[in-house]
Amino acid sequence: SLTTRDELDLDELNTTLEQCKISLKSFETKERFLWTRISRYRQLMKKREQYIFDLQSKCAASSIENTNAISDDYDEENRNGDNDRYDDLRKQVASLQEKHGHDRENLSSVEQIYKEILIELETLRRKIHDLEEKRTFISQKREECQEFLIAAAEMC
């Protein structure tokens, strides 16, 4: 039969294995959550990029209209109103670009955390695999020892 020390080693191994499996499930949950969030955030960022592009196009078109209007017979009041709209568009574009830059940095930070979670997942999977192999090896050796002891007892 197994010695008390062998039983403790196997119990410790099983405890460690169970703790690793619990950690793995926790990290898998975090990984799925982050992946969903990152994907959604990327979609929103692409929509905002398109919106900024559209505003920039409007801004460029407005600038061209203002330039053309200067040479036309165009009253001062209309020109000032167009300039105000052009300035508002430029400010809106600049504000959105600044916010987008900050959001891109935040997304990058979250993506880094996601990569670290993926690394931890792989590490846990390998550790679980190694522990399961070790448990199988110990169980096989235990059975072999028991068979040997039975055979030895029968010979006496």
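Bear in mind the structure is a predicted one, so any value in this text is a computation, not a measurement.

A.B. asks: Residue-level account of the overall build of the protein chain, with values.
C.D. replies: A count of helices and strands for the protein chain gives 2 helices and 0 strands. Split into buried and exposed, the 156 residues of the protein chain put 21% on the buried side. In the protein chain, the proportion of contacts linking residues at least 24 apart, taken out of those at least 6 apart, comes to 89%.

A.B. asks: Give me the lowdown on the side chain of Arg 48, citing residues and values where you can.
C.D. replies: Within the element layout of this structure, Arg 48 appears in helix 1 (residues 4-71). On the accessibility criterion, Arg 48 (18% relative accessible area) is buried. In this structure the side chain of Arg 48 is engaged in a polar contact, spanning 3.2 Å, whose partner is the side chain of His 100. Those residues within four positions of Arg 48 in sequence are excluded, and the remaining contacts are Leu 96, Lys 99, His 100 and Asp 103.

A.B. asks: Please provide a residue-by-residue account of the nonpolar core, values included.
C.D. replies: For soluble globular proteins, nonpolar side chains are generally found buried alongside one another. In this structure, Cys 20, Leu 24, Ile 128 and Leu 131 are the most contacted members of the largest nonpolar core, which totals 13 residues. Beyond its immediate chain neighbours, meaning those up to four positions away, Leu 131 contacts Leu 13, Thr 16, Leu 17 and Cys 20. Listed in part, the 7 residues of the second largest apolar core include Leu 55, Cys 59, Tyr 86 and Leu 89.

A.B. asks: Residue-level account of the pattern of salt bridges, with values.
C.D. replies: For the structure shown, the criterion picks out 8 salt bridges. Across the pair Arg 42 and Glu 111 runs a salt bridge, and its minimum N-O distance is 2.6 Å. Taken as a pair, Arg 42 in helix 1 and Glu 111 in helix 2 (residues 76-155) lie far apart in primary sequence, 69 residues in all. The salt bridge involving Arg 126 is made with Glu 122; its shortest N-O contact spans 3.0 Å. One end of the pair is Arg 126 and the other is Glu 122, both in helix 2 and 4 residues apart, which spans about a single turn. What makes Arg 126 exposed here is its relative accessible area of 55%. If you follow the salt bridges from partner to partner, you end up with Arg 48, Lys 99 and Asp 103 in one network.

A.B. asks: Give a detailed account of the side chain of Asp 103, specifying residues and quantitative values.
C.D. replies: Relative to the helices and strands, Asp 103 resides in helix 2. One polar contact links Asp 103 to Arg 48, side chain to side chain, over a distance of 2.8 Å. Excluding its chain neighbours within four sequence positions, the residues that come into contact with Asp 103 are Tyr 41, Met 45 and Arg 48.

A.B. asks: Kindly report on the environment of Lys 134, identifying the contributing residues and their values.
C.D. replies: Within the fold, Lys 134 resides in helix 2. Between the alpha carbons of Lys 134 and Leu 13 there is a distance of 8.4 Å; along the sequence they are 121 residues apart.

Reading guide: rules and limits
Residues numbered from 1 in each chain as written. Predicted model: local features only at pLDDT ≥ 70, side-chain atom pairs only at ≥ 80, totals over all residues. Heavy atoms only, no water. Helix = DSSP H or I, 4+ residues; strand = E, 2+ residues; numbered from the N terminus. Buried < 20%, exposed > 50% of the residue type's maximum accessible area, 1.4 Å probe, protein only. Contact = heavy atoms within 4.5 Å. Polar contact = N/O pair within 3.5 Å; in protein donor to acceptor, adjacent residues only side chain to side chain. Core = buried A, V, L, I, M, F, W, Y, C linked by side-chain atoms within 4.5 Å. Salt bridge = Lys/Arg side-chain N within 4 Å of Asp/Glu carboxyl O.

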